[in-house]
Amino acid sequence: MSFLELRRVSKCYGTGAAEVHALVDVDLGVERGSLVAVMGPSGSGKSTLLTIAGSLEEPTSGEVVVDGRSLSAMSRNDKARLRRRTVGYVFQDYNLLGGLTAAENVSLPLELDGIPAKKAHRVGMAALEELGLADRAAHYPDQLSGGERQRVAIARAIVGERSLLLADEPSGALDSVNGDAVMRMVLAACRRGVAAMVVTHDARLASWADRVVFIRDGRIMDQTVPPPTPESLLTGVPASGPRP
Amino acid sequence: MSVRHALLAFLSEGPKYGLQLRQEFEESTGEIWPLNAGQVYSTLQRLERDDLIESDDRGEEAGPQKMFRITEAGRSELDVWLSTPPDMTEPPRDELVIKVLSALRVPGISVHDVIQVHRRYVVELMQQWTRLKEDEGDLDLTFALVADAELLRLDSIARWLDTADGRLRRAGTEAPSERTGPRIRRRLVARR
Ligand SMILES: Nc1ncnc2c1ncn2[C@@H]1O[C@H](COP(=O)(O)OP(=O)(O)O)[C@@H](O)[C@H]1O
Ligand SMILES: [Mg+2]
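Right, let's walk through the structure included here.

Cut-offs used in this document
Residues numbered from 1 in each chain as written. Chains lettered and ligands numbered in written order. Predicted model: local features only at pLDDT ≥ 70, side-chain atom pairs only at ≥ 80, totals over all residues. Heavy atoms only, no water. Phe/Tyr/Trp six-rings, centres within 6.5 Å; stacked < 30°, edge-to-face > 60°. Buried < 20%, exposed > 50% of the residue type's maximum accessible area, 1.4 Å probe, protein only. Helix = DSSP H or I, 4+ residues; strand = E, 2+ residues; numbered from the N terminus. Expected span 1.5 Å × (residues − 1). Arc of directions from axis to C-beta. Contact = heavy atoms within 4.5 Å. Pairing = 2+ DSSP bridges. Axes fitted to C-alpha atoms, helices over the stretch in contact; angles between N-to-C directions.

1. What to know about the packing of aromatic side chains
Residue and element names in this part refer to chain A.
Thought 1: For the structure on display, the rule yields three aromatic pairs over all chains.
Thought 2: Taken together, a centroid distance of 4.4 Å and an interplanar angle of 35° make the contact between Tyr89 and Phe91 tilted.
Thought 3: Owing to a relative accessible area of 11%, Tyr89 belongs among the buried residues under this scheme.
Thought 4: Judged by its relative accessible area of 29%, Phe91 is partly exposed.

Okay, structure coming up:
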């Protein structure tokens, strides 16, 4: 079973004439150690999908299962603990706290989880170091570049052995060097066993994923097949036919 | 793409043997631009005939053991080539664009499905390039540059497909007017 599973998940906002079907019968699984990208245009339901997978929002129908446990069967407290310990969430607009330094932002989720401040700081610093940000640890978010802020946001999401990483357009406004750095970090977390889902409209970002799932009007309409051997690139790839 | 000018660029570093040129060509671009030995030597022969390169034994056929130098004329030819933008005023005859435009006219075909087939294929290729670049780009600068170019080219195709998809959705997908072709041509001619 996949680490994250969405089973026939639907989400409606509003009622009557104002009803919006943001997600319709979405089935999706993300294995440990793999990176799945959900790609679709603006308004296709990507952020909704991610917030539901991260238990920040309830589906209208269907089920979300994380590590074998259905979210609908969990108490509020259980879900809060899941969000603190298991899920790392990178929001579309980074969401660093402006009053905290980079290091404090990264260690915050650990402290919230009851880990003593000193130890949390140590773990947070290690994460920043790994991402090449040790010398920015004492900087506040408004003293960091966009790329640095985004890397801090990812450090915060993967710190403390969390096993599910959910990221919304994580290289949104970044140039390609910074965007690549961010995705390299996400992929490295996956290779350590994290299950990761990234949602984006950007094919270059999606191309980092092991599997790309295409979403349109709240429905999953297609997905890539795992890439064949790299050699096929150099010998010419046969055109793939339509897939049901 | 110009094999001539690539060879001139290699020779601008200093005199080289035919074999050496062939090997350098293969090392730097061989994987993406395979060229057989015959093409290298015949190009060298033409360069010598045009006085853009020279050798000590002019009469002899170009081959692995023959040594070449760039001439002054060759060097200025190279300089001009490097700083002359290739002609990009005409849109290339893009088969993908033609397929999408054609799909609009074919009864019983959803242009959005056609777009998705191509989008998936492009993204799958990009996945492979991204993986290759991560695996090998650190070791090989030339390869990383080529992979960047390929990723950006494919990305622009993916973006065109997304843009076309969105535009067709907003327009409702009726067939384009008959005048589309001539109109495009007229505008481009006017610009040149
Ligand atoms: N809180 C909300 N209330 C009403 N409609 C919403 C809400 N959140 C999202 N939507 C609608 O749901 C659809 C999907 O939105 P979203 O998941 O944000 O898409 P994406 O992230 O792909 O741009 C859109 O039509 C959007 O307007
Ligand atoms: Mg969004």
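2. Topic: helix 3 (residues 37-49) of chain B
Residue and element names in this part refer to chain B.
Thought 1: An ideal rise of 1.5 Å per residue puts 18 Å on 13 residues; helix 3 measures up with 19 Å between its terminal C-alpha atoms.
Thought 2: All buried positions along helix 3 are accounted for by Val40, Tyr41, Thr43, Leu44, Leu47 and Glu48. End-on, the buried residues of helix 3 take up no more than an arc of 160°, which puts them together on one face.
Thought 3: Buried residues in helix 3 make contact with helix 1 (3-11), helix 2 (18-29), strand 2 (53-54) and strand 3 (67-70).

3. A word on the sheet that holds strand 7 (residues 164-168) of chain A
What links the strands of a sheet is backbone hydrogen bonding, and the strands pair in either a parallel or an antiparallel sense.
Residue and element names in this part refer to chain A.
Thought 1: Strand order in the open sheet made by the six strands is 6-7-8-3-9-10, with mixed pairing throughout. Only two strands of the sheet have a single neighbouring strand rather than two, namely strand 6 (87-90) and strand 10 (219-223). Going from strand to strand, the sheet's axes swing by 20° on average, the running direction of each strand aside.
Thought 2: Strand direction decides the pairing type here: strand 6 and strand 7, joined by four bridges, are parallel.

4. Description of the environment of B:Asp148
Thought 1: Turning to its location among the elements, B:Asp148 is positioned in helix 7 (residues 141-171).
Thought 2: C-alpha separation for the pair B:Asp148 and B:Lys133, spaced 15 residues apart in sequence, amounts to 8.1 Å.

In short, shape yes, function no, at least from these values alone.
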